[in-house]
Every structure is written in C-alpha cells, then in structure tokens.
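Structural features, examined
Now for the letters of each chain:
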Amino acid sequence: MTDNNITLLLIHGFPLSRQMWQPAIMSLRQRTMCRILAPDLRGFGESGLLQISHGNHDDVVTMDDFADDLLKLCHKENAERLVVAGLSMGGYVAMAMANRAEPLLAGIILCDTKATADTASMAAARRELAADLTSGNKTPADLADAMLPRLVSPATLSGTRAGDDALLTEIREVLCSHHPLGLVAAARGMAERRDSTELLASLDLPILALCGEDDALSPPDEMQRLATLLRRGTFTTIPDAGHLAPWESPNLFADAVAEFIERF
Ligand code: MLT
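The structure contained in this document is the topic of the report that follows. Everything numeric here is computed off the predicted structure, so don't read it as measured data. (Residues numbered from 1 in each chain as written. Predicted model: local features only at pLDDT ≥ 70, side-chain atom pairs only at ≥ 80, totals over all residues. Heavy atoms only, no water.)

Cis geometry marks the peptide bond from phenylalanine 14 to proline 15; its omega dihedral reads -5 degrees. Within the element layout of this structure, proline 15 appears in the loop between β1 (6-11) and α1 (22-29). Its identity as a non-glycine residue notwithstanding, aspartate 240 has a phi of 55 degrees, on the positive side. Residue class for aspartate 240 comes out partly exposed when judged on its relative accessible area of 43%. (Helix = DSSP H or I, 4+ residues; strand = E, 2+ residues; numbered from the N terminus. Buried < 20%, exposed > 50% of the residue type's maximum accessible area, 1.4 Å probe, protein only.)

Close to the ligand lie Gly13, Phe14, Ser88, Met89, Tyr92, Arg126, Met190 and His243. Serine 88 places a side-chain nitrogen or oxygen 3.1 Å from an oxygen atom of the ligand. Computed on the free molecule, the ligand has an accessible area of 270 Å², of which 91% lies beneath the protein chains in the complex. (Near = heavy atom within 4 Å. Polar contact = N/O pair within 3.5 Å; in protein donor to acceptor, adjacent residues only side chain to side chain. Areas by Shrake-Rupley, 256 points an atom, 1.4 Å probe, with all protein chains shown as cover.)

With that settled, the discussion passes to helix α4 (residues 120-135). An ideal rise of 1.5 Å per residue puts 22 Å on 16 residues; α4 measures up with 23 Å between its terminal C-alpha atoms. Residues of α4 that are buried make contact with α3 (89-101), α5 (140-151) and α8 (180-191). At the C-terminal side of α4, glycine 136 shows a positive phi close to 85 degrees. (Expected span 1.5 Å × (residues − 1). Contact = heavy atoms within 4.5 Å.)

Locating serine 202 in the fold gives a position in helix α9 (residues 197-202). Spatially, the C-alpha atom of serine 202 lies 35 Å from that of leucine 148, the residues being 54 residues apart in sequence. Within polar-contact distance, the side chain of serine 202 engages the backbone oxygen of leucine 199 at 2.7 Å.

Our next topic: the packing of α4 against α8. α8 packs onto α4 with a crossing angle of 165 degrees between their chain directions and a minimal axis gap of 9 Å. Taken together, α4 and α8 sit at an angle that is classed as roughly antiparallel. As for how α4 packs across α8, the hand of that crossing is left-handed. Residues Ala123, Arg126, Arg127, Ala130, Leu133 and Thr134 of α4 lie in contact with α8, whose contacting residues are Pro180, Leu183, Val184, Ala187, Arg188, Met190 and Ala191. (Axes fitted to C-alpha atoms, helices over the stretch in contact; angles between N-to-C directions. Parallel < 35°, antiparallel > 145°, perpendicular 65-115°, else oblique. Left-handed = near helix turned anticlockwise from the far one by under 90°.)

Direction vectors running N to C along α1 and helix α12 (residues 250-262) enclose 50 degrees, while the axes themselves pass 8 Å from each other. Taken together, the axes of α1 and α12 lie oblique to each other. The two elements α1 and α12 meet at a crossing, and its hand is right-handed. Between α1 and α12, the residues in contact are Pro23, Ala24, Ser27 and Leu28 and Pro250, Asn251, Phe253, Ala254, Val257 and Ala258, respectively. Of the residues belonging to the contact of α1 with α12, the class tally is eight nonpolar, two polar and no charged. (Nonpolar A, V, L, I, M, F, W, Y, C, P; charged D, E, K, R; others polar.)

Written as structure tokens, this is what we have:
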C-alpha cells in the first residue's frame, strides 16, 4: 500500500446518503492508504435542509450547486490530488466538478451512471415526482417502494445469500430517511443537467467506468460505450450486482478502486 497523497471523494446517488459507502470504505481501508471523504449531499442524510434554495431558483439544487458544495469541502480539507468517485447522481456531480475544476482532479471513477442529459420525458417524470413529493401526494416511502426493486441485482433482491435481507432493509431505511424537500430539489436539479459526453471525451485524465453487471438503470453496455469515447478510460463490471454495485459488492468495488488509485 503506497501513500500517494490522494484524497478519494465518494459521492452518493439519489435518493441515498453517505451510508451507502460504509462497507466499501471498510474494504478500501484494507487496500489503500488514501484519505477518504464521503459527505452527505445537501438535503440528504444528515446534511440537513439548509440552503436548498439557491440564487433565483426555489427548491432546486443543480449538479453544479452540489459540485460547488464539494469543491468548498475539498478546499477546506486541503485536498490537492483528488480522485472523485460518483455513483449515478453522484457521477453527474463528479462530471460537474470536472467541468468546474478539472486541474484539481487526478482521476475520476464513474459508477453506474451516464453522461447523457435527461430526455424530455425523463425530465417531465422527475418534475412530476417533485410536484407529488411537494404536495404530499407521494412520500419518500412510496419512492422507496417504486425504486428498490430496480436498484439492486436479481441476486440481491432474491434475498437468498447471507446478508441480502439485512442489506435490503438498510437500503430501504436510507431511501425513506430523507426530507421530501431534499428529494424534490435534487430531482429538479437532475432534470436540468447538461449532457457531459463531450466534456468527458475531452479530459486528459484517467477515468474508470465501473458498472454492476445487472444494472437496469445505467446498463453496462452504455457505460462501456462511454468508456470507449474517453482518452484514458477503462471499463470494468461487477458480477451479481445492480445499480448499487459499490454497496452490493463492496469488496470487488474496493479491489477495482484500489487498483486504480495505486497507479497514481
Ligand atoms: C441515482 O441512483 O442516483 C439515480 O438513479 C440517478 C437518476 O435518477 O438519474
């Protein structure tokens, strides 16, 4: 294990929190000496609901807003050689960070995410969800019920392996734990996000694209296609894992991340 002065910033997805990284962090600690930061994004987990409103937007937090929050955190922590790893929405935030502060980044890890913007119908569905959560027509628990079966692999969902049931219970608890307004602001922010394909293709940085083999939301073939557009991209899959691959398979995730980081 070398200490290469890297800070690894782990950015959670929607509607999750830094809790999703805990098992992976335990595995990473056995494989790398790098410093690890895993904050809750604004409006999620234990971040509180402070400053959801931003500028002229009411109740919207864009991917750029999240990126600015994290850049401030990295500055405060004196993180000079930064590897940013983002899962799904966290990947959108990592791309926004690369757009705003490329020189700060030593590398990027994109987990179960995509570079494309929402289609008109996807954006409309997010705005409808935001309206339903605002009015109370839907609750975070309704969202959890709808999302959970699509977030994990069939193997995890079947609950047949040791630990699967506990993992499903923990994921559901996290999905249900957020204030609806945090979810509303991020859902509207995701609907506004840019296509980052050209940005990623222009970056002269090592980028690891990592995907659960059974990810139904950001399928491996799409991530593999993205990796081929990258100047210094590599692609790897995690077997028997879905959209939450780092949480479902923390050891395999940590193997891939530690190998990537050791190169620096
Ligand atoms: C996530 O896991 O962060 C979401 O699937 C992202 C999205 O809804 O696009």
